[in-house]
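Take a look at the letters that make up each chain.
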There are 2 protein chains.
Amino acid sequence: MKIGEVAAQLSVSTDTLRYYEKHGLLMPSRRTEAGYRDYSLSDLKQMRFILRAKDVGFSLTEIKELLAIKLYKHQHSCHEVKSLTIQKRDLVAQRVAELTRFHQSLSVLAEKCCGGEELADNCSILTTLEDIDGLTQ
Amino acid sequence: MKIGEVAAQLSVSTDTLRYYEKHGLLMPSRRTEAGYRDYSLSDLKQMRFILRAKDVGFSLTEIKELLAIKLYKHQHSCHEVKSLTIQKRDLVAQRVAELTRFHQSLSVLAEKCCGGEELADNCSILTTLEDIDGLTQ
DNA sequence: CTTGACCTTAGTGTGTACTCTAAGGTTTAT
DNA sequence: ATAAACCTTAGAGTACACACTAAGGTCAAG
Ligand SMILES: [Zn+2]
Ligand SMILES: [Zn+2]
Ligand SMILES: [Zn+2]
Ligand SMILES: [Zn+2]
């Protein structure tokens, strides 16, 4: 398959496919005489793996590690794979916690403000951000 | 106050202070004869505002908007300020939702894998990422 | 036979929030 | 007087995941 066909089938851009190739995530098996990329079914399968890994939150760097393990499965253990997964999950959990704190603070701020068309001279959001202990109480 | 003193007092780097100045967030009121930045108490107060706004999740661009409103409070309404806050809160909520889906998927993946020292030939994480409907069920 | 739709490479631009560097001037202490 | 510790500027580098561009080669349809 040519790059355009793969791109259409998987709903990605040809740029993305070339980008992944450049960064060692997906090398098409063959090239045509004219030098065109020629993707095999196995290449397509690998691209689906990559996209699914992205869907669960892995970065491209992490996916590259997963692919390296997948390629030589018999040289790696379940432990390694699970470690990567758990590490990622915990990192995601940390970020969720941080963003949840943001959300909480923003909610508190929003509730303090009347939101009316009056002038912002005494807006509680602005004064709270000015005050030292505005959000810690 | 000189830049180093401000930096020490607020636990930021002098680089950060110069960066904020360059990007229009905080201009020190004066310069000394030698060209050194000379921060006033009001400058310090503004820097605290910026840091507190960062703490609740506003980006520097958003903080710049807030500062512009704060500077001319009598030309802006509570509505504007509250809008910015609500928009940000909703955006954060979206991101939390996305990351929570990631977390859920990663947990499902992790639970499927034994995590032992055996070879990864049949690792459920890898096979699930390969399968089409692995995570949708 | 030419038009348009594809394909190639290599390189640059985007946004975020800094961080670091180079090359040099100033201040304070010994 | 000189060294240490500050300060200045402008500009480059970092991570992430592409998107876009230029300049050109290839191929199918009309
Ligand atoms: Zn109000
Ligand atoms: Zn208000
Ligand atoms: Zn196992
Ligand atoms: Zn496993």
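It should be emphasised that the depicted structure is a prediction, and the values quoted were computed from it without experimental measurement.

Asker: Before we go on, may I ask you to explain the packing of aromatic side chains in this structure?
Answerer: Aromatic ring pairs are described here by two measures, namely the spacing of the ring centres and the angle between the planes. One pass over the full model with this rule turns up two aromatic pairs over all chains. Measuring from ring centre to ring centre gives 6.1 Å for A:Tyr19 and A:Tyr20, while their planes differ by 55°; the resulting arrangement is tilted. With relative accessibility at 40%, the residue A:Tyr19 sits in the partly exposed group. The class for A:Tyr20 is buried, based on a relative accessible area of 4%. The lysine or arginine in question, B:Lys70, covers the ring of B:Phe49, its NZ or CZ lying 5.0 Å from the ring centre.

Asker: Please clarify how the protein's contact with DNA strand D should be interpreted in this entry.
Answerer: Around DNA strand D, 19 residues are found, and the nearest of them are A:Asp15, A:Tyr19, A:Tyr20, B:Gly4 and B:Arg37. Take the atoms of DNA strand D that sit within 4 Å of the protein: sugar and phosphate atoms are 71% of them. A:Leu60 is positioned with one of its backbone polar atoms (N or O) 3.3 Å from a phosphate oxygen of DNA strand D. Between DNA strand D and B:Arg18 there is a distance of 3.0 Å, counted from a phosphate oxygen to a side-chain nitrogen or oxygen. Residue assignment for the surface near DNA strand D shows that the elements contributing at least two residues are helix 2 (14-22) of chain A together with helix 1 (3-10) and helix 2 (14-22) of chain B. The dominant element in the surface near DNA strand D, judged by the number of residues it contributes, is helix 2 of chain A, at four residues. Taken together, the residues that form the surface near DNA strand D break down as seven nonpolar, five polar and seven charged.

Rules behind the numbers
Residues numbered from 1 in each chain as written. Chains lettered and ligands numbered in written order. Predicted model: local features only at pLDDT ≥ 70, side-chain atom pairs only at ≥ 80, totals over all residues. Heavy atoms only, no water. Phe/Tyr/Trp six-rings, centres within 6.5 Å; stacked < 30°, edge-to-face > 60°. Buried < 20%, exposed > 50% of the residue type's maximum accessible area, 1.4 Å probe, protein only. Lys NZ or Arg CZ within 6 Å of the ring centre and 35° of its normal. Near = heavy atom within 4 Å. Polar contact = N/O pair within 3.5 Å; in protein donor to acceptor, adjacent residues only side chain to side chain. Helix = DSSP H or I, 4+ residues; strand = E, 2+ residues; numbered from the N terminus. Nonpolar A, V, L, I, M, F, W, Y, C, P; charged D, E, K, R; others polar.

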